[in-house]
Amino acid sequence: MSRVALVTGGSRGIGAAISTALKAEGYTVAATYAGNDQKAEAFTGKTGIKTYKWDVSDYETCVTGIAAVEADLGPVDVLVNNAGITRDAPFHKMSREQWDEVIRTNLDGVFNMTHPLWNGMRERKFGRVINISSINGQKGQFAQANYSAAKAGDIGFTKALAQEGARAGITVNAICPGYIATEMVMAVPEKIRDSIVAQIPTGRLGEASEIARCVVFLVSDDAGFITGSTLTANGGQYIT
Ligand code: CAA
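Q: Which residues make up the site of the ligand, and what values go with them?
A: Contacts to the ligand come from 20 residues, most closely from Asp88, Lys93, Ser134, Tyr147 and Ile192. Contact distances for the ligand include 2.7 Å between an oxygen atom and a side-chain N or O atom of Ser134. Separating an oxygen atom of the ligand from a side-chain N or O atom of Gln141 is a distance of 3.2 Å. Across the complex, the protein chains shield 58% of the 1,000 Å² of accessible surface that the ligand would expose by itself. Tallied by class, the residues present in the shell around the ligand amount to 12 nonpolar, 6 polar and 2 charged.

In structure tokens:
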């Protein structure tokens, strides 16, 4: 029987590439999305991947949503915490609301999704958790005190949980994409984006499919000895 993979924010951007790559590898995939019904429907129509609408920043909603996925598809073996938002502003202009929105989605969301699945993975003695962090959680980024804090938090969460999961056959890893050609990066003003591309030694933005292939590897049986790691894929922009 094929393994079940749940990808948050899995119908757009990097998440859509991850969902389709996992499906191509034979996983049964469920993709969550927060708001854009039209894009989610179009994604399901094109790929046949089932989509579920809920807000990862709300714990009870995650519990209910995960129960619906498991009733439809069976126990979740692979969780990809990909859902993320930006609310960029220089710190002196950043509102408490911009801080909260990003922390709730990008950091609390990872707790809210992983926690309800954790005991099931422990009981079945198998699990794969991938947390999509960011280059900006590693190096910090101007106008992203909120995002950088959340994404750095995701790396700490990964390292702690990897130690708890290891004996139960669960691996927990983080991936830090650099600047990838998605709507999120295209929303950065062109002049700033150009200056960012100029800092990338490969001379280009990354492709979402390049991150998806990292996920496919880390969730495979071949990667069973890799846990607590941070896989950096940023074109050489920041070397840790
Ligand atoms: N480094 C240094 N200075 C910068 C800067 C940077 N990266 N970006 C902007 N500034 C400067 C501006 O030039 C400006 O300087 P002056 O006042 O001397 O002109 C000052 O900071 C602030 O400018 P504004 O008052 O115009 O700021 P604003 O309130 O309009 O905000 C902004 C503009 C939202 C910060 C905009 O510059 C921006 O979007 N920057 C990009 C931030 C970024 O890189 N975000 C990453 C998004 S992609 C992502 O997050 C995915 C991932 O994981 C990689």
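Here the narrative resumes.
Q: Report on the sheet that holds strand 3 (residues 50-53), specifying residues and quantitative values.
A: For sheets, the rule is that strands pair by backbone hydrogen bonds, running either parallel or antiparallel. Read from one edge to the other, the open sheet built from 7 strands follows the order 3-2-1-4-5-6-7, with strand pairing classed as parallel. Each end of this open sheet is capped by a strand with a single partner; those strands are strand 3 and strand 7 (230-233). On average, each strand axis in the sheet is tilted by 20 degrees relative to the strand beside it, whichever way the strands run. With 4 bridges joining them, strand 6 (residues 170-177) and strand 7 adopt parallel strand pairing. Note that in strand 7 the partner of Pro177 across the bridge is Ala233. Relative to the sheet, helix 1 (residues 13-24) contacts strand 1 (4-7), strand 2 (28-33), strand 4 (78-81), strand 5 (127-132) and strand 6, its axis offset from that of strand 1 by approximately 175 degrees. Sheet contacts for helix 6 (residues 145-165): strand 5, strand 6 and strand 7; angle to strand 6, the most-contacted strand, approximately 160 degrees.

Q: Describe in detail the environment of Ile85, supporting the description with residues and values.
A: Here Ile85 is to be found in the loop between strand 4 and helix 4 (96-124). Taking the C-alpha atoms as reference, Ile85 lies 6.8 Å from Asn106; in sequence the two are 21 residues apart. Those residues in contact with Ile85, other than ones at most four positions away along the chain, are Glu101, Val102, Thr105, Asn106, Tyr147 and Met184.

Thresholds, definitions, all that
- Residues numbered from 1 in each chain as written.
- Predicted model: local features only at pLDDT ≥ 70, side-chain atom pairs only at ≥ 80, totals over all residues.
- Heavy atoms only, no water.
- Near = heavy atom within 4 Å.
- Polar contact = N/O pair within 3.5 Å; in protein donor to acceptor, adjacent residues only side chain to side chain.
- Areas by Shrake-Rupley, 256 points an atom, 1.4 Å probe, with all protein chains shown as cover.
- Nonpolar A, V, L, I, M, F, W, Y, C, P; charged D, E, K, R; others polar.
- Pairing = 2+ DSSP bridges.
- Helix = DSSP H or I, 4+ residues; strand = E, 2+ residues; numbered from the N terminus.
- Axes fitted to C-alpha atoms, helices over the stretch in contact; angles between N-to-C directions.
- Contact = heavy atoms within 4.5 Å.

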